[in-house]
Amino acid sequence: MSPALLPPPTPERVEEFFGFLKARIATARKYAPAARDYALFRTLYHAGLRSEEASLLDRPDIHFSRGPFGKLHVRFGKGAHTSGPRPRWVPMLDQLDLVLRWFLDDVRGKFPDSPALFADESGGHLHQGTVRNRLGYLMQLEGRPAADWFSPHALRRACATHNYERGVAWWPSNSYSVTGWSARQ
């Protein structure tokens, strides 16, 4: 079956995976890459970014003072057909702002100095293929059956599905409307 036809991972499955990643930070041979992976995959899920969009984020693209939770400036958003990159602002929901503050304060400085937010060990931007490979490697380490695995894009779809289910509506103006729930749940 095509991955596009598979349902996105459930909120429970995603939280189990993040629990595994969080526990792994304390025991990983290399702290910084383990912590980066945690922040990266939290960003994919909570902001609904594509892997390439997240991998091209720079540190100045994080704006904690925009809106109630802060926003990410996705400068290299996917454009329609051949229109080129389409920038947009994405809110940091579900305490993503706290995860990214921790990452910037405690982790990012352990990588070489560069503008890249999610840097590889040489300081450059992670490649989107590396993001996909890291996720597969981490799910293999987690020890779950292959039927429980998901792709980076499935995290994006899960973000949209879970936000829709709890009343967050997306409007073409790239603003978010919250109806009947607290964004800090």
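In what follows, the accompanying structure is described. (Residues numbered from 1 in each chain as written. Predicted model: local features only at pLDDT ≥ 70, side-chain atom pairs only at ≥ 80, totals over all residues. Heavy atoms only, no water.)

Topic: helix α2 (residues 31–47)
Taking 1.5 Å per residue, 17 residues should reach 24 Å; α2 reaches 24 Å between its end C-alpha atoms and fits that length. Of all 17 residues that make up α2, 16 are buried, and the element is covered over most of its length. (Helix = DSSP H or I, 4+ residues; strand = E, 2+ residues; numbered from the N terminus. Expected span 1.5 Å × (residues − 1). Buried < 20%, exposed > 50% of the residue type's maximum accessible area, 1.4 Å probe, protein only.)

Remarks on the pattern of salt bridges
Applying the stated rule across the entire model yields 12 salt bridges. Each of the salt bridges in this network shares a partner with another, and the network as a whole consists of Glu16, Arg144 and Asp148. (Salt bridge = Lys/Arg side-chain N within 4 Å of Asp/Glu carboxyl O.)

Quick word on unusual backbone geometry
The phi angle at Asp94 is positive, at roughly 55°, despite the residue not being glycine. Residue placement: Asp94 occurs in the loop between β3 (88–91) and α4 (96–107). Even without being glycine, Gln95 reaches a positive phi, approximately 65°. On the accessibility criterion, Gln95 (36% relative accessible area) is partly exposed.

Section: the nonpolar core
One finds Phe17, Phe18, Phe41, Leu49, Leu72 and Phe118 to be the most contacted residues of the largest nonpolar core, which totals 43 residues. Among the elements of the structure, α1 (11–27), α2, β2 (71–74), α4, α5 (128–142) and α6 (152–165) are those that each provide at least two residues to this core. Looking at this core element by element, the count peaks at 10 residues for α2. In this structure Phe17 touches Leu135, Leu138, Met139, Glu142 and Phe150, once residues within four positions along its chain are discounted. (Core = buried A, V, L, I, M, F, W, Y, C linked by side-chain atoms within 4.5 Å. Contact = heavy atoms within 4.5 Å.)

Taken by themselves, the reported measurements are silent on function.
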